[in-house]
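# Overview (structure and organization)
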Amino acid sequence: MKEVGKKQGASSPCAACKLLRRRCSSDCIFAPYFPADEPYKFASVHKVFGASNVSKMLQELQEERREDAVSSMVYEANARVRDPIYGCVGAISYLQQQIDGLRKQLAVAQAEVVHLRVHQAASKSSSPSSYMLSHSTPSFDMDLVEQVSFGQSMWSSTST
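Nothing here was measured: the structure is a model prediction, and the numbers come from that model. (Residues numbered from 1 in each chain as written. Predicted model: local features only at pLDDT ≥ 70, side-chain atom pairs only at ≥ 80, totals over all residues. Heavy atoms only, no water.)

### Focus on the environment of Tyr33
When you line up the elements, Tyr33 lands in the loop between helix H1 (15-20) and helix H2 (39-49). On a C-alpha basis, the gap between Tyr33 and Cys14 in space is 8.7 Å, while along the polypeptide they are 19 residues apart. In contact with Tyr33, other than residues within four places in its own chain, are Lys41, Leu58, Glu63, Arg66, Glu67 and Val70. (Helix = DSSP H or I, 4+ residues; strand = E, 2+ residues; numbered from the N terminus. Contact = heavy atoms within 4.5 Å.)

### Some points on the nonpolar core
In this structure, Cys14, Phe30, Phe34 and Leu58 are the most contacted members of the largest nonpolar core, which totals 21 residues. Among the secondary structure elements, those contributing two or more residues to this core are H1, H2, helix H3 (51-60) and helix H4 (63-82). Counting residues per element, this core draws most heavily on H4, which supplies 5 residues. If we ignore the near neighbours within four places in the chain, the residues touching Cys14 are Cys24, Cys28, Phe30, Ala31, Phe34 and Ala36. (Core = buried A, V, L, I, M, F, W, Y, C linked by side-chain atoms within 4.5 Å. Buried < 20%, exposed > 50% of the residue type's maximum accessible area, 1.4 Å probe, protein only.)

### Some words on the pattern of salt bridges
A complete count under the given rule lists 2 salt bridges for this structure. Residues Glu38 and Lys41 are paired through a salt bridge, measuring 3.3 Å at the closest nitrogen-oxygen approach. Residue Lys41 is classed as buried on the basis of its relative accessible area of 18%. Of the charged contacts, one joins Glu76 and Arg80 as a salt bridge, the two residues approaching to 2.8 Å between their closest N and O atoms. Residue Glu76 and its partner Arg80 are both found in helix H4; the two are separated by 4 residues, about one turn of the helix. Judged by its relative accessible area of 17%, Glu76 is buried. (Salt bridge = Lys/Arg side-chain N within 4 Å of Asp/Glu carboxyl O.)

Shown next, in the form of structure tokens:
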């Protein structure tokens, strides 16, 4: 077992035992994951899940998975303290809304770029040296504007 939170031979209780005001034994399930120097971790987890439930969850897991579980519980507990109704789901929803808004802005910007390049190509074709200019600039397929989806770039090649 990885001794993360408790130094061997140290008499200092882990953050969980300190908060619960009990003696920290050598086989304390909380000690490796809730060190004495980080009391806020267990305090938030205890407030949301309760010490008994956390203990049961940790005991049911294999030792190599416990550290990830504690990390997840701390994240969820902190999110629940900030937003008691939605917790981390509220944060995820907010981030998804931001992504959707940014995708829409990107699509508008890409459409504007296509429009400007088509307009630029049309104005160059009316000039006397249009043959040389049309061969030196890339051509753009206007069908890409209609086919663009939010999941792919309109500039990516369609043959890949």
